Amino acid sequence: MYSLLEKVEQSVYALLRTRDMAIARYKEFNIPTDWLLDSGVVGKIKLASVQLARKYMKRVTSELDAALDAPDKEPIREFLLLQGVRFAFRVHQFAGGFDAESMNAFEDLRNRVHGQAEETDKMSSTN
């Protein structure tokens, strides 16, 4: 999924570069450029990326909940968390932010991680 996001980012940035270069060339020759302005496709791609990140974070949260009881799964939980946060951050940077639902999913993920860390601290202090 991460590599797919990288491909989408590269395609969008290449599209925007091409459009900007074409606009500059067309203006030199007094060719109208209004038709080249953003038609909303890039915005839709970014919104779809944010929605995908939200679903990914919810999936990571559910996987963390499922792996909560097994202490031998700590490396898996850490890996899932790292991948989830990394992907969410990358989408956040690409899209220019999260919508309200995606921000809630990210905060839920963060709160569960803090809750698990507190439980782990309590368990280690009682031993």
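Residues numbered from 1 in each chain as written. Predicted model: local features only at pLDDT ≥ 70, side-chain atom pairs only at ≥ 80, totals over all residues. Heavy atoms only, no water.

### Thoughts on the nonpolar core
Across soluble globular proteins, you tend to see nonpolar side chains buried next to one another.
So, point 1. By size, the foremost hydrophobic cluster in this structure holds 17 residues, and its most contacted members are M57, V91, F98 and L109.
So, point 2. Of all the secondary-structure elements, those providing two or more residues to this core are helix 1 (2-28), helix 2 (41-66), helix 3 (74-95) and helix 4 (100-126).
So, point 3. With 6 residues, helix 2 is the single largest residue contributor to this core.
So, point 4. What F98 contacts, discounting residues up to four positions off in sequence, is V50, A53, M57, A88, V91, H92, M103 and F106. (Core = buried A, V, L, I, M, F, W, Y, C linked by side-chain atoms within 4.5 Å. Buried < 20%, exposed > 50% of the residue type's maximum accessible area, 1.4 Å probe, protein only. Helix = DSSP H or I, 4+ residues; strand = E, 2+ residues; numbered from the N terminus. Contact = heavy atoms within 4.5 Å.)

### Some thoughts on the pattern of salt bridges
So, point 1. Under the defined criterion, the tally for this structure stands at 7 salt bridges.
So, point 2. Close ionic contact of D99 with R54 constitutes a salt bridge, the shortest N to O distance being 3.2 Å. Taken together, the positions of D99 in the loop between helix 3 and helix 4 and R54 in helix 2 put the pair 45 residues apart, joining distant regions of the chain.
So, point 3. Where salt bridges share partners, they join E6, E9 and R90 into one cluster. (Salt bridge = Lys/Arg side-chain N within 4 Å of Asp/Glu carboxyl O.)

### Observations concerning the packing of helix 1 against helix 2
So, point 1. Relative orientation of the contacting elements helix 1 and helix 2 amounts to 160 degrees, with a least axis distance of 11 Å. Taken together, the axes of helix 1 and helix 2 lie roughly antiparallel to each other. At the point where helix 1 passes helix 2, the crossing takes the left-handed sense. The segment helix 1 lies against helix 2, with L5, V8, V12, L15 and L16 engaging V42, I45 and S49.
So, point 2. Of the residues that constitute the contact of helix 1 with helix 2, the class distribution is 7 nonpolar, 1 polar and no charged. (Axes fitted to C-alpha atoms, helices over the stretch in contact; angles between N-to-C directions. Parallel < 35°, antiparallel > 145°, perpendicular 65-115°, else oblique. Left-handed = near helix turned anticlockwise from the far one by under 90°. Nonpolar A, V, L, I, M, F, W, Y, C, P; charged D, E, K, R; others polar.)

### Thoughts on helix 3
So, point 1. The first and last C-alpha atoms of helix 3 sit 31 Å apart over 22 residues, in line with the 32 Å expected at 1.5 Å per residue.
So, point 2. Looking at helix 3, one finds that the buried residues are R77, L81, Q83, G84, F87, A88, V91 and F94.
So, point 3. Positive backbone phi, approximately 85 degrees, marks G96, located one or two places after helix 3. (Expected span 1.5 Å × (residues − 1).)

### Some thoughts on the side chain of R54
So, point 1. R54 gets classed as buried once you look at its relative accessible area, which sits at 10%.
So, point 2. Those residues within four positions of R54 in sequence are excluded, and the remaining contacts are D99, E101, S102 and A105.

### Section: the packing of aromatic side chains
So, point 1. Summed over all chains, the structure comprises 4 aromatic pairs.
So, point 2. Relative to F94, the ring of Y13 has its centre 5.9 Å away and its plane inclined at 75 degrees; by these criteria the two rings are edge-to-face. Separated by 81 residues along the polypeptide, Y13 in helix 1 and F94 in helix 3 bring together distant segments of the chain.
So, point 3. Residue Y13 is classed as partly exposed on the basis of its relative accessible area, which comes to 36%.
So, point 4. For F94, a relative accessible area of 3% corresponds to the buried category.
So, point 5. The lysine or arginine in question, K46, covers the ring of F94, its NZ or CZ lying 5.7 Å from the ring centre.
So, point 6. Geometry around Y2 places R86 over its ring, the cationic atom sitting 4.3 Å from the centre. (Phe/Tyr/Trp six-rings, centres within 6.5 Å; stacked < 30°, edge-to-face > 60°. Lys NZ or Arg CZ within 6 Å of the ring centre and 35° of its normal.)

### Some thoughts on the environment of A66
So, point 1. Relative to the assigned elements, A66 resides in helix 2.
So, point 2. Note: C-alpha distance between A66 and R77 (11 residues apart in sequence) is 9.6 Å.

Keep in mind that these numbers describe shape and distance, not what the molecule does.
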